[in-house]
Amino acid sequence: LPPHTIATLVWALAKTKTPTPPLFDMLATRAVENVREFDRQSVSNTVWAYATLDVCHEELFAVFGKYTVESQLWRNFSPQMASNLLWAYAKVQITITVLFDAFAEYIALHAEEFDTQNISNCAWAYANAQLPSKGVFDTLWQRSRGRLDTFRLDELCGLLWAYAKAKVCDSPIFEEAIQLLLPRVTTLDQQSVSNIIWVLATAAKQRGSEVPGTRELFDALLECMLDLRVRVDSEGAAMVIWAFYSVGRFNDAWTLYVRTLSDGRHPEHGKTGFTKKHAVDGRQRYYQTLLMETERRGDVAKQVFLWKQMAADFYARSLRAACLNCAVMAMMNVGDTEGAKDILRQLVRTRLGTGVSESLARRLGLVYEELEPACIVDITLRRRPQCQSRFEDFHYKEAGVLETVVGTATPGDATSVHAAIENVGLKEVWLKVAGGEKSCVIDNVIAKHRPRLILEFGTYVGYTCSRMALQVAPWGGKVVSMEMDPVNATIARNHIEMCGLSHAVTVQLGHSDDAVQIVLDKYGPGSVDMVFMDQRGTAFHDDLQRLERIGLLSDPAVVVADNVLKPGAPYHVWRISSMPHYRTDIIDLREFGSAPVEDWMTVSWVHRGPTYGMPAEELRELTALARESDRFRLRAMATSMKDLVGDLLDEFAARFTAEFVRLNIRTSMYVRTDLVNGGADGAVSRLVRLAPGESPPKWEGWDPRDDLVGGRWRSHIEPAGAEGVRFEGEPGGASGGGGGGCGGGGPGWP
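Residues numbered from 1 in each chain as written. Predicted model: local features only at pLDDT ≥ 70, side-chain atom pairs only at ≥ 80, totals over all residues. Heavy atoms only, no water.

Chemist: Honestly, the overall build of the protein chain in this entry has me stumped. Any pointers?
Modeler: Counting its regular elements, the protein chain contains 32 helices and eleven strands. On the principal axes, the C-alpha backbone points of the protein chain span a range of 75 × 65 × 50 Å. Taking all 750 residues of the protein chain together, the buried fraction comes to 59%. Across the protein chain, the fraction of contacts at a sequence separation of at least 24, relative to all contacts at a separation of at least 6, is 77%. Approximately 29,200 Å² of the protein chain is accessible, and the part contributed by carbon and sulfur atoms is 51%. Averaging the coordinates of the 81 positive side-chain charges in the protein chain and doing the same for the 93 negative ones gives two points 2 Å apart. (Helix = DSSP H or I, 4+ residues; strand = E, 2+ residues; numbered from the N terminus. Buried < 20%, exposed > 50% of the residue type's maximum accessible area, 1.4 Å probe, protein only. Contact = heavy atoms within 4.5 Å. Areas by Shrake-Rupley, 256 points an atom, 1.4 Å probe, with all protein chains shown as cover. Lys, Arg positive; Asp, Glu negative; His and termini not counted. Charge placed at Lys NZ, Arg CZ, Asp CG, Glu CD.)

Chemist: Which parts of the structure should I look at to understand a nonpolar patch on the surface?
Modeler: Taken together, the side chains of L675, W699 and W702 present a nonpolar region at the surface, about 250 Å² in accessible area. With respect to the helices and strands, the residue L675 is situated in strand β8 (residues 669-675). Residue classification places L675 among the partly exposed positions, given a relative accessible area of 30%. (Patch = residues over 30% accessible without salt bridge, like charges linked within 9 Å, V, L, I, M, F, W, Y side chains within 5 Å. Salt bridge = Lys/Arg side-chain N within 4 Å of Asp/Glu carboxyl O.)

Chemist: Would you mind showing me how to read the packing of helix α18 (residues 317-333) against helix α19 (residues 337-350) here?
Modeler: A pair of packed helices is captured by two measures, namely the crossing angle of their axes and the spacing between those axes. Packing of α18 against α19 leaves a shortest axis separation of 8 Å and a crossing angle of 165°. One way to sum up the angle between α18 and α19 is to call them roughly antiparallel. As for how α18 packs across α19, the hand of that crossing is left-handed. Contacts between α18 and α19 involve R317, A321, L324, N325, A327, V328, M331 and M332 from the first element and G339, A340, I343, L344, L347 and T350 from the second. Partitioning the contact of α18 with α19 into residue classes produces ten nonpolar, three polar and one charged. (Axes fitted to C-alpha atoms, helices over the stretch in contact; angles between N-to-C directions. Parallel < 35°, antiparallel > 145°, perpendicular 65-115°, else oblique. Left-handed = near helix turned anticlockwise from the far one by under 90°. Nonpolar A, V, L, I, M, F, W, Y, C, P; charged D, E, K, R; others polar.)

Chemist: When you look at unusual backbone geometry in this model, what are you seeing that I'm missing?
Modeler: Backbone geometry follows two general trends: most residues other than glycine have a negative phi, and most peptide bonds adopt the trans configuration. Following D555, the chain continues into P556 via a peptide bond in cis, with omega recorded as 0°. Relative to the elements of secondary structure, P556 occurs in strand β5 (residues 553-561). Going from K566 to P567, the amide bond is cis rather than trans, its omega being 0°. Within the secondary structure, P567 is located in helix α29 (residues 564-568).

Chemist: What is the right way to read the packing of aromatic side chains from this model?
Modeler: For any pair of aromatic rings, the description consists of the separation of the ring centres together with the inter-plane angle of the planes. Enumeration according to the criterion identifies 24 aromatic pairs in this entry. Note on F100 and Y126: the rings are 5.2 Å apart at their centroids and 90° apart in plane angle, and the pair reads as edge-to-face. One end of the pair, F100, is in helix α6 (residues 97-110); the other, Y126, is in helix α7 (residues 116-128), and 26 residues separate them in sequence. No difference in accessibility class separates F100 from Y126, as the two residues are buried. Each ring, one from F656 and one from F660, has its centre 5.0 Å from the other, and the planes form 45°; the classification is tilted. A residue pair is termed a helical-turn pair when its members lie 3 or 4 positions apart in one helix, as F656 and F660 do in helix α32 (residues 647-662) at four residues. Across this residue pair, the class does not change: F656 and F660 are buried. Site record: aromatic cluster; members linked through ring pairs are F250, W254, Y257, Y286, Y287, F305, F314 and F391. Seen from the ring of W475, R450 lies directly overhead, with NZ or CZ sitting 4.0 Å from the centre. (Phe/Tyr/Trp six-rings, centres within 6.5 Å; stacked < 30°, edge-to-face > 60°. Lys NZ or Arg CZ within 6 Å of the ring centre and 35° of its normal.)

Chemist: Looking at this model, I keep getting lost on a positive patch on the surface. Mind explaining?
Modeler: Taken together, the side chains of K165, K167, R536 and R549 define a basic patch exposed on the protein surface. Inspection of the secondary structure assignment puts R536 in the loop between β4 (528-533) and α28 (540-549). Under the relative-accessibility criterion, R536 is labelled partly exposed at 33%.

What follows is the structure, encoded as structure tokens:
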């Protein structure tokens, strides 16, 4: 087929929403082979069609992007072709820096020719590509100024979203938009309402004050939602609840939830197709916001109401019980023993009680088996869905772990809980937990630094935070673990109670953007001695910079980061390896439960200095790696990391490694694991420092899942002050091997 025919065919299939993967793969192969025969229209139409149907053929996008730049074809694009092409690359999350830089020049030259759709699509693309392109946004604003009333509603919302997402919130576009929208409130649809509310709340947060007119517009939109003239979808509900909380109107957020969303009135997700299949249910986000704020305020009545609402949303008995156990914990935290006892009696009546319920009863001085069943069960708890919802199905792995723990572990025995979780990860399904060789790194850091307060990003099922708490509890240490997913937080709190470690671990609900401030308010500046980062890797650098900027870290503090190679944290590696206030080791090891997958962890000792809290030098070539990291992360969430083993993941890891070798950043340690008595007595992992220029050993095909069970994988800990392996920059002495630890060239730390 000639190029024009290929482009026309895929365009027609996209228009009719007819995805045909085998055909698209075949056509992509043909297009790549003959890319130099494609004209500007064919290039634009082809990539647009693939993106429209969510077919991310990486080779096609890479080859077409390179060809468009090298051939200077982009100079002859029409505004429609340019905006379609940029939209397509942003849609599939492929950022080719030279391509976006070329079209930044194109926009500067041809902005006057752009219509409203072109402006909106280009702004959306640059915001989604995560490129610092303020010049593009300034140019687009100059073209949009005074004519926002000519934009369609979806175009205007997309444009405003892009400016907020790109953090260009000082633009006057927001003031002009509010004045345009205030008289038109009754004409807005559900998606526009939620988008506009989220955009203005985000702009207020970044500006430090509300955009003039925000309160009046929020009042009018809130009235429409409370009167049910506008019924937002699942994602929209989450955006609106967070937005009202963010601008200090939590009471309005609560009213909106109670009157329109509680008691099973949760709306359907507005997304469709592939995007809907992998989209997060809005309940995860608005329960997160509501529980975070009610816990911060100490409003136990609202907390218990929310836990009961969550329980009623679940079909699985284990999750219903877990939510009610959290309600009992909330009452116990404020000394309401009668209220806690009443819920326990309802658990007895409904036969939902678990080992966690028994543990809570013992803490109250009661014997669970001797409790009288409640005479009346809360009407909310009588509601139960007929089958699992997307909200529940999204957590099938974590719910399975909970059922295993409460069914096999011993209440009060933390090691039995950890063994049960490890068994699931080793024998059943891959879990994103820092077990095995990763535990060895964390165990050694804790033994050497003896932190009194550890801050964890990403609780998941509570495995790592409870392991760390078990180690620091003897000297009075505590762990605060931040989790944005309320279902994961529910499961983790039950696991922690099962461990008998509720006194040493706090699970702080909320996105880190909000939760970090709560931690600072509670524990004070300089209180965090150790940080463990296990959230989205491309956010590590921003989160670490913020911890430094607000003064939460002690001096020195140690920061451990996981999954740095796969899915990847390129900005973080560059930050901790290029700035002089860090001393860093990059440690090569194997993914727990998926030995074929190589990964890195980093250990960074952080000292205050001139660059403390400052951004790292911009390195634009890392943007493509970061976007690819996010794509792999989404794939791992949809399947599992071990299912991504193969050429695609290995090629990405090779590009990642090669980029940092080019920057003179290499692994400096690795973890070696040895079976004890052929696995009969478990396995031991230990840190080994690499000599300068030495590479870590290659994986030889041994998979510990074949020989080990949970609870039998131990870490070799270097005694304090002993000769042997030391971390780069570790207080108390220099590095023990000279093997290439990273740092910005500053003085050695004492």
